[in-house]
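Secondary and tertiary structure notes
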Amino acid sequence: MLPAAPRILLLEDDPAIARTVAFALEREGFAVEQVLLVGAARERLAAAPPALAILDVGLPDGSGLDLCRALRHDADARLARLPILMLTARDEELDRVLGLELGADDYMAKPFSPRELVARVRALLRRASAPAAAADASLFALDVAGQRVHFCGEPLPLTRLEFALLRTLIAAPGRIVPRETLFAAAWGPDSEAGDRTVDTHIKTLRAKLRALRPDLEPIVTHRGMGYELVVR
């Protein structure tokens, strides 16, 4: 007997986008169940947790962000750990930042490449099926009020901007955090700093981490996508 196709729950009320997503995923062997409303998504998730959920942000009866937050606090561990990919409008940077802070594993801005969407879904499913491991985030002791960080028990001297970048990565261990999300967290969406500013500060941050623990490399670059605090 052939294994069942991984089931994807798609919460999207735009027919054209829903057709594009469903066609791309079904062509690659996934089973896609589309719902139009947050309420319907809640019912389907409770009845039969899927392998992964793709949530749009703006729906007629609510927001995919609220559903994401609810899932991360669900008593059912299958739902609390469910891989979540958010769909956002290209110019809604705040939605992307909020989605990651609320526990989304990844996001895609509309319009998007169907091929890239499939690749991201596969990556999220691989990560979800990997054996549980301790996150490198546990090596960090974060004092938000004092703007201080200890790494492997040692104080880590950081600038304000480096602290903001590291804090954002620590909040999402094992997830790719887009450069624009890091930029917004440290500089704010209205800053006129150059696009490579994040890369420069990440390089400096890595050097400071390496000075304390040369054997560890907790920040990984995903070219064209962003940075990840790895889990091992």
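Everything that follows concerns the structure shown earlier in this document.
Summary of the structure given here.

Procedures and definitions
Residues numbered from 1 in each chain as written. Predicted model: local features only at pLDDT ≥ 70, side-chain atom pairs only at ≥ 80, totals over all residues. Heavy atoms only, no water. Buried < 20%, exposed > 50% of the residue type's maximum accessible area, 1.4 Å probe, protein only. Helix = DSSP H or I, 4+ residues; strand = E, 2+ residues; numbered from the N terminus. Arc of directions from axis to C-beta. Pairing = 2+ DSSP bridges. Axes fitted to C-alpha atoms, helices over the stretch in contact; angles between N-to-C directions.

Section: helix α3 (residues 64-72)
Where α3 is concerned, the buried positions are Gly64, Leu65, Leu67, Cys68, Leu71 and Arg72. Taken end-on, α3 shows its buried residues confined to a sector of 160 degrees, consistent with a single buried face.

Here we look at the sheet that holds strand β7 (residues 106-110)
Spatial ordering of the open sheet is given by β2-β1-β3-β6-β7, a layout of five strands whose pairing is parallel. Each of the sheet's edge strands pairs with one partner strand only, and the pair in question is β2 (31-35) and β7. Neighbour to neighbour, the strand axes of the sheet diverge by 20 degrees on average, direction disregarded. Bridge count for strand β3 (residues 52-56) against strand β6 (residues 84-89) is four bridges, and the pairing is parallel. Paired with Asp56 across the strands is Leu87, a residue of β6.

Quick notes on the environment of Ala211
Secondary-structure assignment places Ala211 in helix α9 (residues 197-212). A relative accessible area of 64% places Ala211 in the exposed class. Sequence separation of Ala211 and Leu156 is 55 residues, and the distance between their C-alpha atoms is 9.6 Å.

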